[in-house]
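# Breakdown of the fold
These are the residues of each chain, in order.
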Amino acid sequence: MLSDTDHDFLEEVRAFYAEALTPELARAGRMTTWTYSEFEYGRRWQKILHGRGWGAPHWPAEHGGTGWTPVQRMIWDVETARASPPAIMRIGRDLCAPAIMAFGTDEQKREFLPRILAGEDWWAQGFSEPGAGSDLASLQMSARRDGDDYVLNGTKIWTTYAQHANRIFCLVRTATGARRQEGITALLVDTDTPGIEVRPLINLAGGHEFNEIFFTDARVPVSRLLGQENEGWAVARHLLKYEHGGGHGGTVELRRKLAWLWDMAALQSDGLGGTMIDDPDFLRRFSELSITTSAVTFATTQAFAALKRGDPPPPSIPLLRLRSRDLMQRITELGLDTVGHYGAVYQPDAYKVVPTAEPIGPEEALLAMPYYLSYRGASIAGGTPEIQRNNLARNLLGL
Ligand SMILES: Cc1cc2nc3c(=O)[nH]c(=O)nc-3n(C[C@H](O)[C@H](O)[C@H](O)COP(=O)(O)OP(=O)(O)OC[C@H]3O[C@@H](n4cnc5c(N)ncnc54)[C@H](O)[C@@H]3O)c2cc1C
């Protein structure tokens, strides 16, 4: 049960979405097939949120956060997932900013945080390299000190939306220590620095989400060091704590995808005079996914209740994240099976925010293949399932 104050807040959030989410922005959210919406719409949405004072609800109030209670934040997460606004490229706001708050100098906080909040700066995450992914500590990109600069040489890869970023948060090697985690340094880099070249990597579905970035004698001022030289591993670990999604917003997203699946199945012929929702195999798989989604939702609510009581984060949280990712893959897999041959249609121009092609078949079906492919990748970003299971085995089971 919500208190009267929380109920008023819920109404306020709903009224905001009803007014601010124009049909065009709503379509940008609905047509998001990859990690983020088309960049321009995410940028516009961040500016709208900022104008309302809600640009970064989870930030501390001193830096421009809202100071909401945990219940208000839950309401915000749920209503946001329901309204489905454009998905903002969140690396700056949700990952880099907490690291800057924790490790940055006062000058760095003053320089970077307000610009992230206002949607003026967009950050990419320069962690992975061709030889360093799960085993991040093996990264090789070098930063050699030369006067007041570091000179960067090396390659970053899989850098999401770097083509839109004006800054990149880089992990570089400044020394070779006894442990590989030693000698890593975090640097805040402008992407227009001479010697930096961003090249597109086109993903399986033909989308330009990733990039490879080449650094050749790129000079970065020492004032852009975040934290201490050679102690960037602690900064990276802090940042990665914020990488995983999930929570109440994640469970609403699961239910939205189930609704998409059901609506699509209701339009799709089963070849026997009915639609796919008459198909026993579809119904069996759909029911199983719905029941598991409900179980994850209840368990998430329980975990939230524990946090609200002030208990330590329950060990179930990483398990629920893993299970949610797995569910999303299975929902989108059933989506692809349900649309049959429409899944093979490749029509990115038809699911743009401003489409330049008419969809062949139902519009919902158009999204089946991009969703399917996107959620394969989503389980790798931020730690593969195998790595997360390893962590669970170590941290939860003490193995
Ligand atoms: C959608 C998406 C967005 C991304 N965005 C960014 C970004 O913006 N910036 C960035 O820096 N990186 C980004 N990445 C890269 C991502 O962080 C890496 O892909 C991820 O860390 C895995 O590394 P890898 O691809 O090198 O795979 P590898 O580490 O080579 O793993 C290959 C396989 O081996 C398994 N494996 C590896 N080690 C172990 C082990 N110890 N035990 C058991 N199994 C193991 C893995 O689970 C995986 O199945 C993104 C990736 C994706 C998919």
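Look above for the structure.
In short, a report on the structure. Worth saying up front: this structure is predicted, and the values here are computed from it rather than measured.

## Let's talk about the overall build of the chain
- A count of helices and strands for the chain gives 13 helices and eight strands.
- Its C-alpha radius of gyration of 22 Å places the chain within 12% of the 21 Å reference for a compact globule of 399 residues.
- Here the chain holds 399 residues, and 47% of them are scored as buried.
- For the chain, the exposed area adds up to about 19100 Å²; of that, 54% sits on carbon and sulfur atoms.
- Distance from the positive charge centre (41 side chains) to the negative charge centre (49 side chains) of the chain: 4 Å.

## What to know about the side chain of Asp6
- Looking at the secondary structure, you find Asp6 in helix 1 (residues 4–20).
- Taking the relative accessible area as the measure of exposure, Asp6 reaches 13% and is therefore buried.
- The contacts of Asp6, once residues within four sequence positions are left out, are Thr69, Val71, Gln72 and Ile75.

## Things to note about the nonpolar core
- Core analysis: the biggest nonpolar cluster contains 70 residues, and Trp45, Trp123, Leu152 and Phe169 have the highest contact counts within it.
- Take this core: its biggest share by element is seven residues, from helix 5 (residues 91–103).
- When residues of this core are assigned to domains, at least three fall in each of domain 1 (4–88) and domain 2 (120–231).
- Those residues within four positions of Trp123 in sequence are excluded, and the remaining contacts are Met89, Ile91, Gly92, Cys96, Ile100, Phe112, Ile116, Ala165, Arg167, Ile168, Phe169 and Leu188.
- Grouped together as the second largest cluster of nonpolar side chains are 27 residues, Met31, Ile331, Leu367 and Tyr371 included.

## A few points about the pattern of salt bridges
- A full pass over the atoms with the stated rule returns 27 salt bridges.
- Of the charged contacts in the structure, one is a salt bridge between Asp94 and Arg90, with a shortest N-O distance of 3.3 Å.
- When its relative accessible area of 23% is taken as the criterion, Arg90 is described as partly exposed.
- As a salt-bridge pair, Asp121 and Arg167 come within 2.8 Å of each other at their nearest N and O atoms.

## Things to note about empty space enclosed by the protein
- For the structure shown, the criterion picks out one cavity of 30 Å³ or more.
- If you add up the space inside the largest cavity, you get close to 50 Å³.
- Each residue belonging to the lining of the largest cavity can be placed in one class, and the counts come to five nonpolar, two polar and two charged.

## Brief notes about the pairing of strand 5 (residues 184–190)
- Within strand 5, six of the seven residues are buried, which leaves the element mostly enclosed by the surrounding structure.
- Strand direction decides the pairing type here: strand 4 (residues 167–173) and strand 5, joined by seven bridges, are antiparallel. Counted as the bridge partner of Phe169 is Leu188 from strand 5.
- Here strand 5 pairs with strand 8 (residues 225–226) via two bridges, running antiparallel. Bridge assignment links Leu187 to a residue of strand 8, and that residue is Leu225.

Basis of the calculations
- Per-chain numbering applies: the sequence of each chain, read as written, is numbered from 1 onward.
- Totals for whole chains, interfaces and linings use all residues, but because this is a predicted model, local features are given only for residues with pLDDT of at least 70 and pairs of side-chain atoms are given and counted only at 80 or more.
- Each side-chain value is worked out from all heavy atoms of the structure, with water and hydrogens disregarded.
- Secondary structure counts use DSSP, requiring at least four H or I residues in a row for a helix and at least two E residues in a row for a strand, with both numbered from the N terminus.
- As defined in this context, the radius of gyration uses C-alpha atoms, and a globule is described by 2.2 Å times the residue total to the power 0.38.
- Burial status follows relative accessibility: with a 1.4 Å probe on protein chains alone, a residue under 20% of its type maximum counts as buried, one over 50% as exposed, and anything between as partly exposed.
- What sets the accessible areas is the Shrake-Rupley method with a 1.4 Å probe; for residues, cover comes only from the shown protein chains.
- We score Asp and Glu as negative and Lys and Arg as positive, and we do not count His or the chain ends.
- For charged residues, the charge sits on one atom: NZ in Lys, CZ in Arg, CG in Asp, CD in Glu.
- Whether two residues are in contact is decided by their heavy atoms: any pair within 4.5 Å suffices.
- Here, the term nonpolar core denotes a set of buried Ala, Val, Leu, Ile, Met, Phe, Trp, Tyr and Cys residues that are joined through side-chain atoms within 4.5 Å.
- Segmentation of the chain into domains, including their bounds, is taken from an automatic or database domain assignment.
- Whenever Lys or Arg places a side-chain nitrogen within 4 Å of a carboxyl oxygen from Asp or Glu, that contact is recorded as a salt bridge.
- A 1.4 Å probe that fits but cannot get out identifies a cavity on a 1 Å grid over protein atoms alone, an open set with protein on both sides within 12 Å along at least five of seven lines counts as a pocket, and a residue lines either if it has an atom within 4 Å of a point.
- Grid points are joined across faces, edges and corners, and a volume is the space filled by probe spheres set on the points.
- Under the convention adopted here, Pro, Cys and the residues Ala, Val, Leu, Ile, Met, Phe, Trp and Tyr are nonpolar, Asp, Glu, Lys and Arg are charged, and Gly plus all remaining residues are polar.
- Note: two strands are recorded as paired if DSSP finds a minimum of 2 bridges between them.

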